[in-house]
Amino acid sequence: MLGKMTFQPSRASVGVWAAIAVTLSALPAATAVPPPPAVHPAHDLADGHYPLDAIERVIAPTGKVVCPHVDKTRYRGDVIRYHSPVNVAVPFVPHLRAFETLVADVAVKHFGRAPRKIRHIGTYNCRRIRQWPTFLSEHGLANGIDIAAFEFAAAPRVIRGTLAPALRGAFSARIRPHWRSTSKKDRAVRAFLHDLGRRLVAAEAIFRVVLGPGYPGHEDHLHLDCAPWRLVEIDLDAASAQE
């Protein structure tokens, strides 16, 4: 398996995240958290600024979490609909729209059509990062989304003859079980998911954080957010990369 992990704080957060790396290093091994990321030169989104970058993420490790106010909106999806509306920060919406466009592009390449819906398992949730309780989750700022599956309708008649029989009807591409499936019948779906994963990692202007299978607690979903640092950890299958 090929894994990739990078950590690059924004210019506004270099000092804070250097301290965070020290804090994480002090955690006992028994907590089984990921190793603290190394600090690299600054990396921002394409425009060099994101409205939520300046919000403090460091919080008390215990007690009630009080999340900062951010302007939120209910977003259904413009390019591809989500199975239910997402409650996200207003600045996050253009990134979701770009994500939908990317998903559609990769899906058309593999299956001749875009998904009918994207299934998510969470957006806004005022809480800590589970592995690192002194940090506010990006979900607490409505600045992240967890993606579990992509639901496809039956293919239009005009392209059915170009597809394998299993891909002509309606089907779902799910992070679990398809991401790690070694079954021949799942090969095309797995290739789509891994191709999408590689494209998400490469498209640094869409999301700074891309986590998926291979990162603790993410075997059944992709976590995507716009935190003020670059963090990527996701297993990409070498065989799929060549398909």
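The rules we used
Residues numbered from 1 in each chain as written. Predicted model: local features only at pLDDT ≥ 70, side-chain atom pairs only at ≥ 80, totals over all residues. Heavy atoms only, no water. Helix = DSSP H or I, 4+ residues; strand = E, 2+ residues; numbered from the N terminus. Buried < 20%, exposed > 50% of the residue type's maximum accessible area, 1.4 Å probe, protein only. Contact = heavy atoms within 4.5 Å. Areas by Shrake-Rupley, 256 points an atom, 1.4 Å probe, with all protein chains shown as cover. 1 Å grid on protein atoms, 1.4 Å probe; cavity = no way out; pocket = protein on both sides within 12 Å on 5 of 7 lines; lining within 4 Å. Points joined across faces, edges and corners; volume = space filled by probe spheres on them. Nonpolar A, V, L, I, M, F, W, Y, C, P; charged D, E, K, R; others polar. Polar contact = N/O pair within 3.5 Å; in protein donor to acceptor, adjacent residues only side chain to side chain. Phe/Tyr/Trp six-rings, centres within 6.5 Å; stacked < 30°, edge-to-face > 60°. pLDDT = per-residue confidence, 0-100. Disulfide = S-S within 2.5 Å. Expected span 1.5 Å × (residues − 1).

Asker: Please clarify how the overall build of the protein should be interpreted in this entry.
Answerer: A tally of helices and strands in the protein yields six helices and eleven strands. Considering the protein as a whole, with its 243 residues, one finds that 49% of them fall into the buried category. Contacts in the protein between residues far apart in sequence, at least 24 positions, make up 66% of those at least 6 positions apart. With an accessible surface of roughly 11300 Å², the protein has 57% of that area assigned to carbon and sulfur atoms.

Asker: What is the right way to read the layout of surface pockets from this model?
Answerer: By rolling a water-sized probe across the atoms, one finds the places where empty space is left. Space inside the largest pocket adds up to approximately 490 Å³. Around the largest pocket, the lining comprises 29 residues; the ones closest to its centre are Arg127, Ser137, His139, His218 and His223. Elements that contribute at least two residues to the lining of the largest pocket include exactly strand 6 (117-122), strand 9 (209-211), strand 10 (222-225) and strand 11 (229-236). When the residues that make up the lining of the largest pocket are grouped by side-chain class, the tally is 14 nonpolar, ten polar and five charged.

Asker: Got a minute to help me understand the environment of Lys185 in this structure?
Answerer: Assignment of secondary structure puts Lys185 in the loop between helix 4 (175-178) and helix 5 (187-202). It is 8.0 Å that separates the C-alpha atoms of Lys185 and Ala166, two residues lying 19 residues apart in sequence. In terms of polar contacts, Lys185 uses its side chain to reach the side chain of Asp186, at 3.3 Å.

Asker: Would you mind going over the environment of Ser172 with me for this structure?
Answerer: The residue Ser172 is located in strand 8 (residues 171-174) in this model. The exposure class assigned to Ser172 is partly exposed, which follows from its relative accessible area of 25%. Along the backbone, Ser172 and Lys117 are 55 residues apart, and their C-alpha atoms lie at a distance of 9.5 Å. Setting aside chain neighbours within four positions, we find Ser172 in contact with Phe150, Glu151 and His178.

Asker: Looking at this model, I keep getting lost on the side chain of His218. Mind explaining?
Answerer: Relative to the assigned elements, His218 resides in the loop between strand 9 and strand 10. Of the polar contacts made by the side chain of His218, one reaches the backbone oxygen of Pro216; its length is 2.8 Å. Apart from residues lying up to four places away in sequence, His218 is in contact with Leu211, Gly212, Pro213 and His223.

Asker: What exactly am I supposed to notice about the packing of aromatic side chains here?
Answerer: Two aromatic rings, taken as a pair, are described by how far apart their centres are and by the angle between their planes. Under the defined criterion, the tally for this structure stands at ten aromatic pairs. Considering the side-chain rings of Phe92 and Phe207, the 5.8 Å spacing of their centres and the 45° angle between planes classify their relative orientation as tilted. Of this pair, Phe92 sits in the loop between strand 5 (86-89) and helix 2 (93-111) while Phe207 sits in the loop between helix 5 and strand 9, placing them 115 residues apart in sequence. For the pair shown, Phe92 and Phe207 are each scored as buried. Each ring, one from Phe99 and one from Phe207, has its centre 5.8 Å from the other, and the planes form 65°; the classification is edge-to-face.

Asker: Would you mind showing me how to read the confidence of the model for the protein here?
Answerer: Caution is warranted with low-pLDDT regions, since their predicted coordinates should not be read in detail. When pLDDT is averaged along the protein, the result is 84; 78% of the residues meet or exceed 70. Low pLDDT (under 50) marks residues 1-5, which in the prediction has 19 contacts with non-local residues, meaning those over four places away or in another chain. Taken as a whole, residues 10-44 scores under 50 in pLDDT and shows 55 contacts with residues more than four places along the chain or in a different chain.

Asker: Would you explain the state of the cysteines in this entry?
Answerer: By definition, a disulfide links the sulfur atoms of two cysteines through a covalent bond. Scanning the model with the defined rule gives one disulfide in all. Two residues, Cys67 and Cys126, share a disulfide whose sulfurs are 2.0 Å apart. With the S-S bond torsion at 105°, the cross-link from Cys67 to Cys126 turns out right-handed. With Cys67 in the loop between helix 1 (14-25) and strand 3 (72-75) and Cys126 in the loop between strand 6 and strand 7 (144-152), this pair connects stretches of sequence that are 59 residues apart.

Asker: Help me out: how do you make sense of helix 5 in this one?
Answerer: Because each turn of an α-helix spans 3.6 residues, side chains separated by three or four positions end up pointing in the same direction. Taking 1.5 Å per residue, 16 residues should reach 22 Å; helix 5 reaches 23 Å between its end C-alpha atoms and fits that length. Listed in full, the buried residues belonging to helix 5 are Val189, Arg190, Ala191, Phe192, Leu193, His194, Asp195, Leu196, Gly197, Leu200 and Val201.

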